[in-house]
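# Structural description and commentary
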Amino acid sequence: MKRKTTVLERIYLALFMIMLYTPMVVLMVFSFNSSNSTSVIAGFSLKWYAELFKDGATIAAFRNTVVLAVISAVISTVFGLVSAVGINYTRNRYYKKTLLTTNNIPMMNPDIVTGISMMLLFVFAGTLMHRQGVLGFGTMLIAHITFQLPYVILNILPRFRAMDGYLTEAAQDLGCTPVQAFFKVTLPQIRPGVIAGAIMAFTLSLDDFVISYFVSGPEFQTLPIRIYSMTKKRVTPDMYALSTIIFLVMLILLIALNVIQNRAENGSLRNREKVAK
Amino acid sequence: MNNRTYNAITAPYGLWMAVFIVAPLAIVAYYALTDAAGHFSLENITQLSLYTDTIFRSVWFGLVATILCLVTAYPLAYIFSKTKASTQTVLVMLIMIPMWMNFILRTYAIMVLFEDTGIINHFLQSIGLSPLHLINTSGAVIFGMVYNYVPFMVLPLYTTMTKLDYKYIEAGRDLGANGFQIFKDVMIPLTKPGIISGVTMVFVPSVSTFYISQKLGGGRYTLIGDVIEMQFQTAYNYHLGASISLLLMVFILVCLAVMNRFGDAEEGMVV
Amino acid sequence: MKENVIITLKDICVAFDGETILNNLNLDIKDGEFVTILGPSGCGKTTTLRIIAGFQEPDSGEVIFDNQVMNGVPAHKRRVNTIFQRYALFPHLNVYENIAFGLRLKKMKEDAIQAKVKEMLALVDLRGFERRSIDSLSGGQQQRVAIARALAVDPEVLLLDEPLGALDLKLRKDMQVELKNIQQRLGITFIYVTHDQEEALSMSDKVIVMDGGEIQHIGTPEDIYNEPANAFVADFIGESNILDGIMLSDCRVRFSGHDFDCVDKGFALNEPVDVVVRPEDVDICAPEDGMLTGVITSVTFKGLHYEIIVDINDFKWMIQTTDYSAEGETIGILIKPDEIHIMKKSKYSGEFGDYSSFSDEMDYISNAELDITDLDDITEVDEDE
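What counts, and where the lines are drawn
Residues numbered from 1 in each chain as written. Chains lettered and ligands numbered in written order. Predicted model: local features only at pLDDT ≥ 70, side-chain atom pairs only at ≥ 80, totals over all residues. Pairing = 2+ DSSP bridges. Helix = DSSP H or I, 4+ residues; strand = E, 2+ residues; numbered from the N terminus. Contact = placed C-beta atoms within 7 Å. Axes fitted to C-alpha atoms, helices over the stretch in contact; angles between N-to-C directions. Expected span 1.5 Å × (residues − 1). Bend = angle between axes of the 7 residues up to and from the residue. Buried ≥ 20, exposed ≤ 12 C-beta atoms within 10 Å, placed from the backbone. Nonpolar A, V, L, I, M, F, W, Y, C, P; charged D, E, K, R; others polar. Parallel < 35°, antiparallel > 145°, perpendicular 65-115°, else oblique. Left-handed = near helix turned anticlockwise from the far one by under 90°. pLDDT = per-residue confidence, 0-100. Right-handed = clockwise from strand over helix to strand, strands pointing away.

This next bit is on the sheet that holds strand S4 (residues 60-65) of chain C. All names here are of chain C. Read from one edge of the open sheet, 4 strands run S2-S1-S4-S5, paired in antiparallel fashion. Two strands lie at the open edges of the sheet, namely strand S2 (19-30) and strand S5 (68-69), each paired on one side alone. On the sheet, helix H1 (residues 45-53) packs against strand S1 (5-16), S2 and S4 and is oriented at approximately 60° with respect to S2.

Let us look at the interface of chain C and chain A. At the junction of the two partners, chain C supplies 21 residues and chain A supplies 20 residues. Those elements that provide at least two residues to the side of chain C that touches chain A are strand S6 (80-83) and helix H2 (95-105) of chain C. Ranked by residues supplied to the side of chain C that touches chain A, first place goes to H2(C) with 3 residues.

Turning next to helix H1 (residues 7-31) of chain A. Residues and elements named next belong to chain A. The end-to-end C-alpha distance of H1, which contains 25 residues, comes to 35 Å, matching closely the 36 Å that a straight helix rising 1.5 Å per residue would cover. Taking the largest bend as the criterion, H1 deviates by roughly 40°, centred on tyrosine 21, and proline proline 23 comes between one and four positions later. Within H1, burial applies to Phe16, Pro23, Val26, Leu27, Phe30 and Ser31.

Now for the sheet that holds strand S16 (residues 292-301) of chain C. Residues and elements named next belong to chain C. Strand order in this open sheet of 5 strands is S15-S19-S16-S17-S18, and the pairing throughout is antiparallel. In the strand order of this sheet, the two ends are held by strand S15 (283-285) and strand S18 (315-321), each with one partner. Strand-to-strand twist across the sheet, computed as the mean angle between neighbouring axes with direction ignored, equals 45°. Note: S16 against strand S17 (residues 306-312), 6 bridges, orientation antiparallel. Counterpart to valine 295 in the pairing with S17 is aspartate 311.

When the parts of a complex come together, some accessible area is lost, and that lost area is often taken as the interface size. Each partner contributes to the interface: chain A provides 62 residues, whereas chain B provides 62 residues. Those elements that place two or more of their residues in the side of chain A that touches chain B are H1, helix H3 (56-89), helix H4 (93-108), helix H5 (111-128), helix H6 (137-162), helix H8 (178-207), helix H10 (223-232) and helix H11 (238-276) of chain A. A total of 11 residues in the side of chain A that touches chain B trace back to one element, the largest contributor, which is H1(A). Grouping the constituent residues of the side of chain A that touches chain B by class yields 42 nonpolar, 16 polar and 4 charged.

Our next topic: the packing of H5(A) against helix H12 (residues 224-233) of chain B. Packing of H5(A) against H12(B) brings their axes to within 11 Å, and their N-to-C directions diverge by 15°. Between H5(A) and H12(B), the angle falls in the class roughly parallel. Every pair of crossing elements has a handedness; the one defined by H5(A) and H12(B) is left-handed. Contact with H5(A), carried on its side by Ile112(A), Ile116(A) and Met119(A), involves Gly225(B), Ile228(B) and Phe232(B) of H12(B) and no other residues of that element. When the residues that make up the contact of H5(A) with H12(B) are grouped by side-chain class, the tally is 5 nonpolar, 1 polar and no charged.

The next thing to look at is the confidence of the model for chain A. Averaged over every residue, the pLDDT of chain A is 87; residues scoring 70 or more account for 92%. pLDDT under 50 marks residues 272-277 of chain A. Its contacts with residues more than four places away, or in other chains, come to 4 contacts.

This next bit is on the confidence of the model for chain B. Residue and element names in this part refer to chain B. With 96% of its residues at a pLDDT of 70 or more, chain B has an overall mean of 88. No element of chain B has a lower mean pLDDT than helix H8 (residues 166-174), which averages 83, and none a higher one than helix H3 (residues 52-82), which averages 95. In this model, residues 265-271 is a region of pLDDT below 50 whose contacts with residues beyond four sequence positions or in other chains number 15 contacts. Taken together, the chains of this predicted complex give a pTM of 0.81 and an interface ipTM of 0.88.

On to the pairing of strand S13 (residues 258-261) of chain C, then. With 4 bridges connecting them, strand S12 (residues 252-255) of chain C and S13(C) associate as antiparallel partners. Bridge assignment links Val253(C) to a residue of S13(C), and that residue is Phe260(C).

Residues and elements named next belong to chain B. Positive phi, close to 55°, is recorded for tyrosine 236, a residue that is not glycine. Within the fold, tyrosine 236 resides in the loop between H12 and helix H13 (238-262). Residue tyrosine 236 is classed as exposed on the basis of its C-beta count, with 10 C-beta atoms lying within 10 Å.

Residues and elements named next belong to chain C. Burial analysis of strand S8 (residues 189-194) places 6 of its 6 residues in the buried class, the great majority of the element. The alternating pattern of S8 places Thr189, Ile191 and Val193 and Phe190, Tyr192 and Thr194 on opposite faces, both of which are buried. Both strand S3 (residues 34-38) and S8 contribute to a ladder of 5 bridges, which runs parallel. Bridging from a neighbouring strand, valine 35 pairs with isoleucine 191 of S8. Of the strand pairs in this sheet, strand S7 (residues 157-161) and S8 are connected by 5 bridges, and their pairing is parallel. The partner of aspartate 161 across the bridge, within S8, is valine 193. Running through helix H5 (residues 169-186), the crossover from S7 to the neighbouring parallel element S8 is right-handed.

Printed below as a string of structure tokens:
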């Protein structure tokens, strides 16, 4: 499909990208500003970065975010994988439909409703157990697993559909027990979905503010919550420095992911070319 | 492995979803329909009338933001689909990168730009123009929504457009349709799944947001999300907060149901 | 116990969603035979194969290998291996690892595995393909790898489920010959499922014709062609004119208003029967010399012969002849006694064997339909388990 973009279209594209990136670029530029002005650049300086690394609460929040993201992503990936296998192979259509519908609820519901509903559950459970301050790492972990699971499952399920159903039979035919067949044949086939689900779970966890905000306690804050509480006051440019770091980390992650995917695709492409010859 | 094994390994998942998705929603309904003493009460529901303005404002802002997103994103997605495959990859990445940035930071970045002493006004003054009052306007709030959520509109539209066979457009031309007719009778119907998906993904967060209005509206444009947040985090009236949440949830579900009737339910979600 | 029978299916019944898939199936398969199960899609042939492989359990009846009841024994413990319809090669493994897959499960030593893989690649004529990835292979090469993979584990019986269905015509013919060679060289039993009658006739020692979940005919290719058991078999294998007839006595039958000599006996006096005459067995002569006479309604040139449709007493005959006759011409026909085959009346009587609606176009459509219903066959398999 060879269709040329017109000059007008290119201008539109450029304007859109400028709109999308200006706010972030401005933040990044001002993170190197030596004064705390948000409109005048006084000179280059790394002092806001130094400030940032002196801020113990932010560093702790950063550590919490990563710990929570890793643990919740690992649990929801394993949990989601097992559940996706069960959902895919179950013969009971109504059961399957019920599970998939429930799976959609957290994706359709506004985050704020998911957040307050879980908060109410935890508070309610807390009063039943006569405990105060139930909100903390545990409730955050449960909440993160809960909103990640649907994405993990929806990333894995289509892989089963794309897989040749006879592969597992072929494995059993050659002597695999059903469990061996799963690990030797099925899992390698659905692995891209599992990896995509895990990455999505991880980034959703890193990025989540709304749900975390309602189910977190004072002693376990994540970075988005920390940023939120800081932006409630008048902000100093160390926030810009933080944004810049987060932006760059995300950028590197995204590019790395893309490179990995491209390499995988190119590999199979080269093979296909061989056939053509 | 037989069917019973498969049913058994989904049991923990079913239980998890029942406890952490279904039960919380039931508790929301319970709080919405009881008073502080735990007795059945419709007081929280009747109190909703106090928030009529807020509710209408949220829906109005959400609608305007969604339409603006659609109008901006549709041509953009079309342009994307026309470029080379390698360019498309780069463009999609450019759209996704901001999504990976926390929306609080994104919103905050707009605030920095829009402030009365911010960079835009500084720039305007430096070229001899009078400053504009941007921050704390309804326009700023809506811009914040569009800015934060427009990628959710671009991506599904782009996905459906790449699947769209250009031959349909050629066939339309061949049959004598003009540009507008092709747009109305060929493009729109064929990209409907993407439109529905994008509209859903922009409208739901826009209508329920609570941070954007606080930062960019300066507290003058309270939205449903702000009221809910206030009830749970500062006013501690969980019962009222629950009833507003219930209303929001029911409203969204009705909207989704109506949307899905317009399009093929199965194709409704293109992520 | 019957001599060298290695697989017996006894009174097998399978139903799915209330629909009968296999109805009281009984079957013996001898060691070293090339057996083909032939039938239209949905006839239960694939299900039969899956029951032998152990992917599916019958609702009732016994599966017996070497005098041992195998019901309930899972697929990985049965010494039969399968070549799947679309090969089911493992895309994440290369050729070597695909063939070594079953050997590794047997915990064979690496050098033994290496030797075996090498031997198998030589057998299927793919020397040097060890490191190739599966998606770099052509359809025919994938087919060979699938054969090598199944044969590497030394099965007693190889099950082949429409293995050549995805190949183009030329390649299919070559592979037919090759499969037959491999089977003869190794001397193991092949159970081959196909809907292609030509494939069945040219490769098999024994053909099992199935329809509607029941076996219609078991016999050598010659048997089922020359002496079909009923109208279904006669119609499914090759072209046939099938007429209503009455047995007047042993070796004497009346059809189309004429009495013919034949070679079949053992029917009751005046028993209504189905009479089969193959199009190539009809001789054309002048009208006055013919046993029957009719008017030609269509002539099609087929290369080797002309295919003509003749209306004889309101029955449209198909006749293949090397002599040209024009449309509208009146001709006579002659049929020798041993070219008339008499069959008992069956539920298929009257359904087949009349060419009144025949045209090349119809032929084409019915072939296309076959391909579509093939897919149904696959989904049917996916449904049950």
